[in-house]
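Remarks on the overall topology
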Amino acid sequence: MSLLTSLARLRALDEGIAQPVATVRHCHLSRRPMVFIPLKLSGEAAAPLAAMLGTDRDDPRLLVVAQPRNRDLRFAWAAELAGVLLPYVEALTVDTETVERKNADPYERAVDAPQLVVPNQGGVAFTALLGRSTRFRRADGPYPVPGSVPLLGRWLTYFAERAAYPGSSIMLAATEELGRHWASGQSSLEDANLAALMSWITTGPSDEAEDPLVWPPAGPATDPGFDAEVLAPAIESGSAERVAEALRTQLEPTWRLVWQAIDLLAALPEGASVAQRWEQDRGSFSGMAAHVAEGAPPQARRDGAVAAAARLARMERAQAAYDVQRAYDDPMVMAEYRLTGEAFAGEVVETDPENTEGEGRSRKLRPLVVVKTDDPVRLPQGTSLGTPQRRGQGAVLVAADEGLITVKITKGMGRGKTAAPGSVPEVGERVCYTSLTDDFQGSATLPEAEATPWTHGGPPRGYTPDDEDAQEEWS
Amino acid sequence: MTGLKREGDPVRRLEALRGTTPPRPHDARAIAALAANPGCARRALMDGAGIDKDAAARHLGFPAPFGQSPFAITRGNMFEALVKADGCAELLRMLRELLDLPVEEVAYHDVENVGAHLRHTHTRSLLDHAARSTTAAEPVSAATFYDHPLLSLSIAGHTAYLEPDLVAFQLGGRFHVVEVKSFSVIDGQADPAAVAAAARQAAVYVLAMRTTLEELGHDPGLVSHDVVLVCPENFANRPVATLVDVRKQLAVLRRQLTRMTTLDRLLDALPDDLTFDLRPDDDGRPTRPVAELADALSRTTARYAPDCLSTCDMCFFCRDEARQEGASDLLGRQVRDELGGVASVAEALGLADGTRTPAEGQEEIARLLRNAERLRRECLT
Ligand code: SF4
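What counts and what doesn't
- Residues numbered from 1 in each chain as written.
- Chains lettered and ligands numbered in written order.
- Predicted model: local features only at pLDDT ≥ 70, side-chain atom pairs only at ≥ 80, totals over all residues.
- Heavy atoms only, no water.
- 1 Å grid on protein atoms, 1.4 Å probe; cavity = no way out; pocket = protein on both sides within 12 Å on 5 of 7 lines; lining within 4 Å.
- Points joined across faces, edges and corners; volume = space filled by probe spheres on them.
- Helix = DSSP H or I, 4+ residues; strand = E, 2+ residues; numbered from the N terminus.
- Nonpolar A, V, L, I, M, F, W, Y, C, P; charged D, E, K, R; others polar.
- Near = heavy atom within 4 Å.
- Sits in = over half its atoms within 2 Å of the grid points.
- Contact = heavy atoms within 4.5 Å.
- Buried area = accessible area lost by both parts, 1.4 Å probe.
- Salt bridge = Lys/Arg side-chain N within 4 Å of Asp/Glu carboxyl O.
- Patch = residues over 30% accessible without salt bridge, like charges linked within 9 Å, V, L, I, M, F, W, Y side chains within 5 Å.
- Areas by Shrake-Rupley, 256 points an atom, 1.4 Å probe, with all protein chains shown as cover.
- Lys, Arg positive; Asp, Glu negative; His and termini not counted.
- Charge placed at Lys NZ, Arg CZ, Asp CG, Glu CD.
- Pairing = 2+ DSSP bridges.
- pLDDT = per-residue confidence, 0-100.
- Domains from an automatic or database assignment.
- Polar contact = N/O pair within 3.5 Å; in protein donor to acceptor, adjacent residues only side chain to side chain.

**Observations concerning empty space enclosed by the protein**
All names here are of chain B.
- Counted by the stated rule, this structure contains four cavities of 30 Å³ or more.
- The volume enclosed by the largest cavity comes to roughly 90 Å³.
- Around the largest cavity sit Asn37, Cys40, Arg42, Arg43, Arg303, Tyr304, Cys308, Thr311, Cys312, Met314 and Cys318, which together line it.
- Counting residues per element, the ones that place at least two in the lining of the largest cavity are α3 (41-48) and α11 (308-311).
- Split by residue class, the lining of the largest cavity holds six nonpolar, two polar and three charged.

**Looking at the site of the ligand**
Residues and elements named next belong to chain B.
- Every residue near the ligand is listed here: Asn37, Cys40, Arg42, Arg43, Ala302, Arg303, Tyr304, Cys308, Cys312, Met314, Cys315 and Cys318.
- The pocket occupied by the ligand, as judged from atoms lying within 2 Å of grid points, is the largest cavity.
- Put simply, the parts of the chain that give the shell around the ligand at least two residues each are α3 and α12 (315-325).

**Examining the interface of chain A and chain B**
- Facing 56 residues of chain A, the contacting portion of chain B comprises 51 residues.
- For the pairing of chain A and chain B, the buried interface totals around 4,400 Å² over both sides, and the portion due to carbon and sulfur atoms is 62%.
- Looking at the side of chain A facing chain B, the largest losses of area belong to A:Leu3, A:Leu7 and A:Leu10, adding up to 15% of the total buried there.
- Counting the contacts that link chain A with chain B gives eleven salt bridges.
- A salt bridge links A:Arg132 to B:Asp187; the shortest N-O distance between them is 2.5 Å.
- Elements supplying a minimum of two residues to the side of chain A that touches chain B: α1 (3-15), β1 (19-20), α3 (121-134), α6 (188-191), α8 (224-237) and α12 (331-339) of chain A.

**What about a positive patch on the surface?**
- A cluster of basic side chains, namely B:Arg259, B:Arg265, B:Arg303 and B:Arg333, defines a positive patch on the protein surface.
- Along the chain, B:Arg333 falls in helix α13 (residues 333-338).

**A closer look at the pairing of strand β13 (residues 368-373) of chain A**
All names here are of chain A.
- Bridge analysis of strand β10 (residues 343-352) against β13 gives six bridges, and the strand direction is antiparallel. Counted as the bridge partner of Thr351 is Val369 from β13.
- Taken together, the five bridges between β13 and strand β16 (residues 404-411) define a ladder with antiparallel strand orientation. Within β16, the position partnered with Leu368 by the bridge is Lys408.

**Side note on the confidence of the model for chain A**
- Of all residues in chain A, 92% attain a pLDDT of 70 or more, and the chain-wide mean is 90.
- Scored below 50 in pLDDT, residues 440-445 of chain A makes five contacts in the model with residues more than four places away or belonging to other chains.

**What about the domain arrangement of chain A?**
Residues and elements named next belong to chain A.
- Each domain of chain A was delimited in the assignment, giving domain 1 (3-300) and domain 2 (331-434).
- Relative to domain 2, the C-alpha centre of domain 1 lies at a distance of 44 Å.
- Contacts between the two partners involve ten residues from domain 1, matched on the other side by seven residues from domain 2.
- Contact between domain 1 and domain 2 buries roughly 630 Å² in total, counting both sides, with carbon and sulfur atoms accounting for 67%.
- For the domain 1 face of the interface with domain 2, the top three residues by lost area are Leu4, Val21 and Thr23, together amounting to 57%.
- At the surface where domain 1 touches domain 2, the tally comes to zero residue pairs in polar contact (both at pLDDT 80 or more).
- With three residues, the single largest contributor to the side of domain 1 that touches domain 2 is α1.

What follows is the structure, given as structure tokens:
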């Protein structure tokens, strides 16, 4: 959290309503998101109890395990879930576009990808566990389960992995996305409660948001009072209908909230880099779909050493890129960097568009721009700068003096003798320059997986689930 | 009122704070939670006096949000029974592997059999006996499990009784506290918060056992700082044992308990007639006027932080108080740190708006806040 967000929280607390901390939306929103609200049985690691899901807010599907300790019912539930999720996923693999690449074969990329929206981080974690407990099952052999179950497990695992990938919109947790765009007047711990966060954003704080009788928890855990007074007797009665109705009362309020959260986010204009990140999501989705189609094994229980290091490096790069892109897309995010002196904004007070450097053939056009700013600039001379107003442009800080910053444009003003029209800001224009740039060091060279040193466990053996995996208890 | 003088001894003073309300015994969970917010005087006093914070919060109209699902309780009990079945046979197998010990035999003592009033003395003599035999010339490869032992630990001059799940003792080796928990370890990983809580709790037992041994004239080092955590593995009920080093938790706990023995200082600052008495009627229902109790509590300094919401029964009461005071604590330690110790929301906003002149030492944070405010305004227009 930064001081700017802290200030927004203070303001929210003082005014009794959440304050914006973003001016644009930083996540992609699908035209047909799949809202997924899973519930688990308390005290168990991954015993599903119910899920409400669907792409139509007026027509949620409710899937219930009427006897949560019954293994067969649990797999039947997983098969039902697969019956809803897999067609949604598979339909999106059909339409593709061919992507040309430099130095590599072209590949097919889906024109749209699935998007799973869960209420909170707990929903993501439970999705990962559901994936883990189903992906190694087998449709044949001594402990057969419906064939769709292991496939479901692989997709759930994929979704949960994407949720951890910075900037990916394949799986969103509503509380996280809301928190990225609004600051409430409560602690981030309390923001994990979707009802509480939503009320801060829409109407102002309400004690009802913490009353499980008014707003049941958004899962995956249910309210202990509900468990004791409603659910346990319903399960005991043996009436599947009664259990389903009980769980519906717990899920419906959250169902409405998640859709409302989506509406709130949809009302924000989309950030300029969102489409680019979604393109990567589409590429990743097609990669996964191809993987499945080729009959590759399910994701391993744990990464080998090289795979883990590579994943970490990828995540770090994605995080850095995501941070920079958000700042370029959103003045409110850029303000954080202006506050710390890594960026500055202000009005152009003077320009020299024809400034050149060098003589003769090495003479280069280097337009100069002087910006007047109130920001506390903490950048040394010679710092490379970029600017959200002209994304391809490169510049260097020449001098900083009492709020007057001289910047020299070095890249992105055309090849002619004079600067291309519009490439040098005019006097009076508001501009922002920052040392944040979106070019990152290439990936650290990691050995191929086959060459993993023995100190790191040696080359990983491909993970082939065996009978033991397939029959692993799920109790 | 007892009419105690201020210089009256702290134990009597604490009893006066509790008044006619029966003392609530500390359990390891409560003691472990002390470490979560060591700076809170309100909590230190309430715990020191043995006040039932849960009952107090309920009476004040701010019941704590900690319920446990019957499903979780059933599962926990089932799992514990499984681990302890057949005289802890399964547990023995795991410990053999984990501690790499050639244990062949196992003795099993269920301390609960002796009846509640004797349990504590019985536990002591069992431990005494076991510790003595470590010095015996011929160590035997037998392990002993003590089920339902009752340990004690002195908290602010009060004896708190504690019931660890199980204590294992290996001759020629050491005592190991065994904690049976029903959260799962999946592919070698468990919920870090759950593990941390278990470690804090186990540290309380280790400390209690060490104190007991010391009192009996034995080497407290006989109790290992490696506790054995037994959890279900993956999605099954099969138990798996892991060693957890609780040295860090022990250090925190010791520091906190020493602070608590200095409750005198906190007590000295309180008015003579202050009491947190709930005045229970014959049925145990509190009859003390709520406003009066709230007022008494408000004379003690709380140190609310959002973490209280998961660790202290008084949390909703203290949060409400923090709201009324407009304390920036409400927003969490991170915000508080960011504000460089500006404690009130109004003060921080005043500095940001420039309507308040910074006090000495606040110039830097005031400058930052003003800048932040300018930037926010610029972005929002
Ligand atoms: S809830 Fe209140 S009494 Fe408990 S630790 Fe927090 S501030 Fe102290």
